[in-house]
Structures are given as C-alpha cells and as structure tokens.
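Spelled out, the chains give:
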Amino acid sequence: YNFEVEGAHSYFADELGLWAHNGRLFRGLLRKNVMSKNGGFCVRCGALADQADHIISFCKGGPTKLGNGQPLCKKCNLKKGTSDPIPGFDLTPEL
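No experiment lies behind these values; they were computed from the predicted model shown.

A few points about the overall build of the protein
Part 1 of the reasoning: A count of helices and strands for the protein gives two helices and five strands.
Part 2 of the reasoning: When the elements of the protein are put in sequence order from the N terminus, they spell out β-β-β-α-β-β-α.
Part 3 of the reasoning: Among the 95 residues that make up the protein, the fraction classed as buried is 40%.
Part 4 of the reasoning: A total of about 5600 Å² of accessible surface is found on the protein, and carbon and sulfur atoms cover 58% of it.

A word on the confidence of the model for the protein
Part 1 of the reasoning: Confidence in the prediction for the protein averages 82 pLDDT; 77% of positions are at 70 or higher.
Part 2 of the reasoning: Ranking the elements of the protein by mean pLDDT puts strand 1 (residues 3–6) last, at 44, and strand 5 (residues 69–72) first, at 96.
Part 3 of the reasoning: Confidence over residues 1–9 falls short of pLDDT 50; this stretch has 21 contacts with residues more than four positions distant or in other chains.

Let's talk about unusual backbone geometry
Part 1 of the reasoning: Notably, asparagine 38 is not glycine yet its phi reads approximately 60 degrees, a positive angle.
Part 2 of the reasoning: Position of asparagine 38 relative to the elements: it lies in the loop between helix 1 (28–36) and strand 4 (51–54).

Reading the values: the criteria
- Residues numbered from 1 in each chain as written.
- Predicted model: local features only at pLDDT ≥ 70, side-chain atom pairs only at ≥ 80, totals over all residues.
- Heavy atoms only, no water.
- Helix = DSSP H or I, 4+ residues; strand = E, 2+ residues; numbered from the N terminus.
- Buried < 20%, exposed > 50% of the residue type's maximum accessible area, 1.4 Å probe, protein only.
- Areas by Shrake-Rupley, 256 points an atom, 1.4 Å probe, with all protein chains shown as cover.
- pLDDT = per-residue confidence, 0-100.
- Contact = heavy atoms within 4.5 Å.

Here it is in structure tokens:
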C-alpha cells in the first residue's frame, strides 16, 4: 500500500490500485473521482449529482474506495439510505 496524506486524512492504493480512504466520507481527490463517474450526474435519476454515495453502505461493510462509490443527488441518496444496491439503478461495486 502506498500512503499519501491530504491534510489530516490518509489515502492509499488498494489491491486493485484504486484509491481508497480509511474513513467513512469520500474526501478530496477520491470524492472528485467518484463524482466524475456517470458524467457527474446521479446514477438513479440523471439529475446533477451533489453527493458521493457508497454503493454498498459503509455500515454494511462497504469500503470507502473508488470502486464502491457512485454519484447521487441528495434526494436519491436520502431515498436509498442504507438499502442494498439495485441492479440497473446503482453502479456495480468493484470490491
């Protein structure tokens, strides 16, 4: 693993070479990369995305890494909550 510090947060390249973070929130470059998926639009409704979401919820063991992130609008993220991903609506996680 290669550690890189951005402010007080540490990021690393996981076993697939995808950027990950050791906390719950997508931050910095990791957030920017998650938000750029799907052209920056919500994967569920197509609105402009403003939140980086865990495809598999953090509370259910989903890691905070690029392969488990997707852009959602606030409305869709609140509706999704901690529910499991819906094929055809959510991106497929790359764990």
